[in-house]
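Overview (structure and organization)
Given next are the chains, with one letter for each unit.
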Amino acid sequence: MIDTIYIEKEIKKHPRTLEILSKFRNVRTIAIDRYGEVFNRKNQNFRIQKKNPCLILAKKHKGFVLPAPEGFGIGSSKNYYFSHMYNCIYDCSYCFLQGMYSSANFVLFVNYEDFVLEIKKLISKKENITFFSGYDCDSLALEKITGFASYILPIFKEYSNCILELRTKSNQIKPLDKIEPIKNCVIAFSLMPDKISLALDKKAPTIKRRIATIKKLSALGWKIGLRFDPLIFGDSWKDQYQDLHENIFNVINISSIHSISYGPLRFPIAMYKKINSMYQNEKLFVGPFEQNQSEVLYKQEIEEEMTEYCKNLSLNFAPESLIFNCKSN
Amino acid sequence: MNSPPSIRWLVALRAEAKEIISQYELKSFEHEGPYQIFKSKKYDIWLIISGIGKVNAAAASAYLFLKSKATPWSIWINFGIAGFEKNYGTIFKIDKIISHSNNKTFFPSKVIKDKIEYASLLTVDRAQENYSKNYMYDMEGSGFFETTSKIASHDLILVLKIVSDNSNNKVTSINKDNIDCLVKKNILAVKKCLKNLIDLSEEIYISKQKPKSFYELTSKYSFTFSQKIALEDLLKKWQLLFPKRKLDVIINDCKDSKSVIIRLKSDIDETAINWS
């Protein structure tokens, strides 16, 4: 539970700041100049901070919308991502955020309007664009506090040539259960076999609950993205991924699926070293990994076999046109 | 040596230190140096008396760091009295420190949860008598924090202040006895708070430790520097995969360091993780 909120002085009276603060009782507020004073400072410890993270309300000044890594996409000619928030309430062992930041506090940028201005500038170029939300945070997990999805979704309704993907593991479906489904918005769920998720996706909803949420949203008419990302290797992985695919496709109508993608587990070398050093007893980092010039990843034959096998599993249920690889080059 | 609890206390006055010295059974550490230091014979616990003022606090922190060979899991505590218009006698954890002379602001970590409430602190150069209800006043906090945040784990630094003076309890009436009385009144809360930090410190300590077998193997075989790095990583993985297997049996027929590494690597590569 959040017991402290740091607030940048500049946005102290921003209506969204006031609205967010009204949702908390007995919270200590601390005025700061810029969020960098408390976030990602030298000698902070991500794992220790994860035990009691604070919320930081800040204003973003630049870099509202950024190009997605090459190889990342679900069919559009251009791909961008944006992050209204840094860090996440879940604690997944493979999460790159713990390698990127030394702080586990949540930074929420309250100037949503500025994100939209940048998004609209890109949209005006009349290209097919996919915008990904949920790269540096979970798109829906803190929606009750942030209201970000409620704000951004209606805006995309006007731009049918663009796609918005909200990536999540959350089973919190507000505001999606209150508004008409938007055809060009995809609610994308990160998925992996149940046993693996239980070991790695700490504090996140179980796969069973995620599938139940997918079922609900699909029944409401929302387009669903299935993101088997990252693909995790282990004993009997084929059986586990087969069960997972069957469990999903048994409850969801294929017409609800916008896209299915597979993403291998890969870490930049320095990030891998940093994350690995944080854990003494995390099986994930046993591998078997290899290292290329820039990344630590599963051995090539494992990565290829897993992607191919899982794609074939999907092909039993869905046309090839829905299936994508999400692999940074 | 230097395993948790590893604690470094910095206090300005001997009177503030008296109860800490007694509780942790600290003895005077004889040395030729500018500050009086106490240390535990049993544990890695040290205390330095810095004298008044933020420059003293900064210098004493750095001095203690070197003298005590502080570790990445050492807990650093600035403990002392402060002025505050309310809550006479109450102890506070500090989560914001402003240095009055240069307006620098610092934000100590807030990872521990306990009954001690948080307050802000203004570090001044001269004793204040215009008390505030928004800030506590002290004379060391910013100097201590600015220095220790550069040399210690940010999340293991704690500033604890007991309200010793305000408009009803004049600064001029502070003496050794009432300081001792205020510290004694709060010592239990301090120890409870410290227990939480020690738990965190232990986590950092554990994360920095090499597997036990690393030392056994490196004393038995001659590993190069890069082999040692590989060995540490492989041992960590091997023990996770085979917690019940005996390593000495597995490497019994290994003749040199290279064959140990090959053996461990092949065991690991041939085994897929069981996620159940």
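Just above sits the structure.
In this report, the structure presented in the accompanying data block is examined. (Residues numbered from 1 in each chain as written. Chains lettered and ligands numbered in written order. Predicted model: local features only at pLDDT ≥ 70, side-chain atom pairs only at ≥ 80, totals over all residues. Heavy atoms only, no water.)

This part covers the interface of chain A and chain B. With 42 residues of chain A at the interface, the matching set in chain B holds 37 residues. At the boundary of chain A with chain B, total buried surface from both sides reaches about 3400 Å², with 54% on carbon and sulfur atoms. By the criterion of area lost to chain B, the three top residues of chain A are Gln-280, Lys-283 and Val-286 of chain A, representing 21% of everything that side buries. Linking chain A with chain B are four salt bridges. Here Arg-28 of chain A ties to Asp-95 of chain B by a salt bridge, and the two come within 2.5 Å at their closest N and O atoms. Each residue belonging to the side of chain A that touches chain B can be placed in one class, and the counts come to 20 nonpolar, twelve polar and ten charged. (Contact = heavy atoms within 4.5 Å. Buried area = accessible area lost by both parts, 1.4 Å probe. Salt bridge = Lys/Arg side-chain N within 4 Å of Asp/Glu carboxyl O. Nonpolar A, V, L, I, M, F, W, Y, C, P; charged D, E, K, R; others polar.)

For helix 8 (residues 257-269) of chain B, which comprises 13 residues, the first-to-last C-alpha distance of 18 Å matches the rise-based estimate of 18 Å (1.5 Å per residue) to within 8%. Buried residues in helix 8 of chain B make contact with helix 5 (212-220), helix 6 (225-241) and helix 7 (247-250) of chain B. (Helix = DSSP H or I, 4+ residues; strand = E, 2+ residues; numbered from the N terminus. Expected span 1.5 Å × (residues − 1).)

As enumerated under the stated definition, the model contains 32 salt bridges over all chains in all. One salt bridge connects Arg-167 of chain A with Asp-229 of chain A, and the closest N-O pair in it is separated by 3.8 Å. Of the two residues, Arg-167 of chain A is situated in strand 10 (residues 162-168) and Asp-229 of chain A in strand 13 (residues 223-231); the sequence distance between them amounts to 62 residues. For the pair formed by Arg-167 of chain A and Asp-229 of chain A, the shared burial category is buried. Between Asp-267 of chain B and Arg-263 of chain B there is a salt bridge; the shortest N-O distance is 3.4 Å. Taken together, the positions of Asp-267 of chain B and Arg-263 of chain B, both in helix 8 and four residues apart, correspond to about one turn of that helix. Because the salt bridges share partners, they merge into one network encompassing Glu-165, Arg-167, Arg-227 and Asp-229 of chain A. (Buried < 20%, exposed > 50% of the residue type's maximum accessible area, 1.4 Å probe, protein only.)

Next up on the list: the packing of helix 2 (residues 54-67) of chain B against helix 3 (residues 141-151) of chain B. Residue and element names in this part refer to chain B. Interhelical geometry of helix 2 versus helix 3 gives an angle of 30 degrees and a closest axis separation of 7 Å. Considering their axes alone, helix 2 and helix 3 lie roughly parallel with respect to each other. In this structure, helix 2 meets helix 3 at a crossing whose hand is right-handed. Listed contacts from helix 3 to Lys-54, Ala-57, Ala-58, Ser-61, Ala-62 and Phe-65 of helix 2 are Ser-142, Gly-143, Phe-144, Thr-147, Thr-148 and Ile-151. Here the residues of the contact of helix 2 with helix 3 are counted per class, giving six nonpolar, five polar and one charged. (Axes fitted to C-alpha atoms, helices over the stretch in contact; angles between N-to-C directions. Parallel < 35°, antiparallel > 145°, perpendicular 65-115°, else oblique. Left-handed = near helix turned anticlockwise from the far one by under 90°.)

Another point: the side chain of Ser-93 of chain A. All names here are of chain A. Position of Ser-93 relative to the elements: it lies in the loop between strand 7 (91-92) and helix 3 (97-100). The class for Ser-93 is buried, based on a relative accessible area of 0%. Not counting the four nearest positions on each side in its chain, Ser-93 is found in contact with Gln-98, Ala-199, Leu-200, Lys-202, Ile-275, Tyr-279, Glu-282, Leu-284 and Phe-285.

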